[in-house]
Amino acid sequence: MSELPQIIAGNWKMNMTLTQGRKFIDTLASGLVGKKLARKLLLAPNFTLLSGLVQGCADIGIGLLAQNCAFQDAGAFTGETSVAMLKDVGVGYVLVGHSERRQLFGESDDLLRRKAQAVSGGGLVPIFCVGETLDQRQGGEAFEIVTKQLRSGLDGFPGEKLIIAYEPVWAIGTGQTATAEDARSMHVHIRKFLEVQFPWGEMVPILYGGSAKPENATELLAQPEVNGLLVGGASLDPESFLQIALA
Ligand code: PEP
């Protein structure tokens with residue numbers, strides 16, 4: 001689906017203070033002056049930075065992406081953040097099911113389905129993350145695992161606005177990138193699933209994530225099936241984020 005506009009989303013994880021975040025946006029803004037950017041940029045700062053960065057991001061056309069949310073609307077859920085709260089500060093997109101949430105915080109398929117539904121129901125766009133572990137890939141189960149994550153996470157999905165991020169767990173933060181062919185074949189698999197599942201499945205951007213960096217961005221983004229990148233480590237440096245955006 002090369003006609004879908006490509007998206008470059010940066011995931012800052014639990015990094016950056018507000019001061020550092022503002023400096024990042026200023027540097028990025030200077031770097032974008034005079035450049036024609038064909039791709040949509042999104043940034044996922046920590047919750048505490050969202051309201052402080054919303055204006056700076058809007059000024060240079062960057063969308064705000066939250067790293068997580070609760071599925072509940074409101075109430076006695078100490079430490080949680082609702083979709084309505086995120087929307088209220090100007091967030092447009094929410095990561096759901098990042099492998100760190102699945103693995104380190106035990107987020108289940110059932111919980112992630114509820115979160116995806118809450119995000120969509122609240123008028124925001126989920127970036128639903130899927131991906132296999134190294135053991136699963138070596139055991140020949142990668143396609144089956146990703147199908148299972150999609151099937152359970154998107155069961156009863158209520159909206160038509162959705163982004164998928166294919167992030168092989170073995171490539172996240174490891175410096176080990178999937179080959180362009182690994183990414184391409186999984187993206188084709190995901191596209192088929194989406195087209196069977198949803199009448200609008202062909203319109204869903206499918207991003208690749210896993211040690212994407214300036215050195216490999218051009219090759220990954222040249223695959224017609226890759227509609228953009230979800231970038232962790234390399235998104236912490238405005239120069240490398242910019243190089244990826246312009247790759
Ligand atoms: C991520 O956290 O989504 C990610 C892809 O990280 P990295 O680029 O550092 O592998």
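Before going into details, it helps to say that this report is about the structure given with it. (Residues numbered from 1 in each chain as written. Predicted model: local features only at pLDDT ≥ 70, side-chain atom pairs only at ≥ 80, totals over all residues. Heavy atoms only, no water.)

Topic: the pairing of strand β3 (residues 63–66)
Within a regular strand, side chains alternate between the sheet's two faces.
Turning to step 1, where the next piece is worked out: The side-chain alternation of β3 yields two buried faces, one formed by G63 and L65 and the other by L64 and A66.
Turning to step 2, where the next piece is worked out: Relative to β3, strand β2 (residues 40–44) runs parallel, the two sharing two bridges. In the sheet register, L42 faces β3, and the bridge partner there is G63.
Turning to step 3, where the next piece is worked out: With helix α2 (residues 47–59) bridging β2 and its parallel neighbour β3, the resulting β-α-β unit is right-handed.
Turning to step 4, where the next piece is worked out: Pairing between β3 and strand β4 (residues 93–96): two bridges, direction parallel. Following the sheet pairing, L65 is matched in β4 by Y93.
Turning to step 5, where the next piece is worked out: Regarding the hand of the β-α-β motif, the stretch spanning β3, helix α3 (residues 83–88) and β4 is right-handed. (Buried < 20%, exposed > 50% of the residue type's maximum accessible area, 1.4 Å probe, protein only. Helix = DSSP H or I, 4+ residues; strand = E, 2+ residues; numbered from the N terminus. Pairing = 2+ DSSP bridges. Right-handed = clockwise from strand over helix to strand, strands pointing away.)

Quick look at the environment of D59
Turning to step 1, where the next piece is worked out: The topology assignment puts D59 in helix α2.
Turning to step 2, where the next piece is worked out: What makes D59 exposed here is its relative accessible area of 57%.
Turning to step 3, where the next piece is worked out: Each C-alpha atom of the pair D59 and A29 lies 8.6 Å from the other, and the pair is 30 residues apart in sequence.

Quick notes on the sheet that holds β4
Turning to step 1, where the next piece is worked out: Spatially, the eight strands close up into a barrel ordered β1-β2-β3-β4-β5-β6-β7-β8, and their pairing is parallel. Neighbour to neighbour, the strand axes of the sheet diverge by 25 degrees on average, direction disregarded.
Turning to step 2, where the next piece is worked out: Where strand β7 (residues 206–209) and strand β8 (residues 228–231) come together, two bridges link them in parallel fashion. Paired with Y208 across the bridge in β8 is L229.
Turning to step 3, where the next piece is worked out: Packed onto the sheet, helix α5 (residues 109–121) meets β4 and β5 (125–130) and runs at close to 155 degrees relative to β5.
Turning to step 4, where the next piece is worked out: Across the face of the sheet, helix α8 (residues 180–197) comes into contact with β5, β6 (163–166) and β7 while running at roughly 145 degrees to β7. (Axes fitted to C-alpha atoms, helices over the stretch in contact; angles between N-to-C directions. Contact = heavy atoms within 4.5 Å.)

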